[in-house]
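Descriptive analysis of the structure
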Amino acid sequence: MASGVAISDEVVTHYEAIKVRFQGANEKERFKLVIMRLSEDQKSIIVDHENCLRVKDVENTGDVFKTVISKLPSKECRYALYDCTYMNKESVKEDLVFIFSAPEDAPMRNKMVYASSKSAVKAKMPGLKFEWQINDHADKEASSLVEKLGGRDVVKSLEGKSV
């Protein structure tokens, strides 16, 4: 809470939920993307329910990665947890990626609050291996995430699409 902004318990609950792997019919109910934002009163980080995605929401989209990216606003900051599926040389991997989206067009105060709250948010989510910061349009490209996951020499496909 370095910025004076609290992290809602709901954020922690959704972090725990996105980590869980379901079997069978329940698999489609698993979260693929959890978006977090500053509350209207600017006092806490909350879950942005309107923009969260479950596996069932993306299973019939032509491009899962683009669907995920489309949920990040172009003029407002957000945090997100993305359950990323990719293939390396040996096998299919699923890892949680912490996203810090601070677009160039976001208000400066907004960017400052999000930047100063980031470590407190991440502290509530132990075990995250990857962080992906998005500041401009180029950062939203799949190649930018592939670099964070190990680069083209390691990552062979992202969400079922060759890289």
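Here we summarise the structure given alongside this text. (Residues numbered from 1 in each chain as written. Predicted model: local features only at pLDDT ≥ 70, side-chain atom pairs only at ≥ 80, totals over all residues. Heavy atoms only, no water.)

Moving on to the overall build of the chain. Across its full length, the chain carries five helices and nine strands. Ordered by position in the sequence, the α and β elements of the chain form the string β-α-β-β-β-α-α-β-β-α-β-α-β-β. For the chain, the C-alpha radius of gyration of 15 Å lies close to 15 Å, the compact-globule estimate for 163 residues. Taking as baseline every contact in the chain between residues at least 6 positions apart, the subset at least 24 positions apart corresponds to 62%. As presented, the chain carries roughly 8,500 Å² of accessible surface, and 49% of it is formed by carbon and sulfur atoms. Averaging the coordinates of the 26 positive side-chain charges in the chain and doing the same for the 26 negative ones gives two points 2 Å apart. (Helix = DSSP H or I, 4+ residues; strand = E, 2+ residues; numbered from the N terminus. Rg over C-alpha atoms; globule rule 2.2 N^0.38 Å. Contact = heavy atoms within 4.5 Å. Areas by Shrake-Rupley, 256 points an atom, 1.4 Å probe, with all protein chains shown as cover. Lys, Arg positive; Asp, Glu negative; His and termini not counted. Charge placed at Lys NZ, Arg CZ, Asp CG, Glu CD.)

On to the side chain of S157. Assignment of secondary structure puts S157 in strand β8 (residues 157-158). Given the relative accessible area of 14%, S157 is considered buried. Among residues more than four places away in sequence, those in contact with S157 are Y86, M87, S162 and V163. (Buried < 20%, exposed > 50% of the residue type's maximum accessible area, 1.4 Å probe, protein only.)

One simple way to see leftover space: roll a probe sized like a water molecule over the atoms. A volume near 220 Å³ is recorded for the largest pocket. Contributing to the lining of the largest pocket are 13 residues, with D63, F65, K66, E141 and A142 lying nearest its centre. Secondary structure elements with two or more residues in the lining of the largest pocket: α3 (64-70), α5 (142-148) and β9 (161-162). By residue number, the principal contributor to the lining of the largest pocket is α3, which donates three residues. Per-class residue counts for the lining of the largest pocket are five nonpolar, two polar and six charged. (1 Å grid on protein atoms, 1.4 Å probe; cavity = no way out; pocket = protein on both sides within 12 Å on 5 of 7 lines; lining within 4 Å. Points joined across faces, edges and corners; volume = space filled by probe spheres on them. Nonpolar A, V, L, I, M, F, W, Y, C, P; charged D, E, K, R; others polar.)

Purely spatial values, then, with no claim about function.
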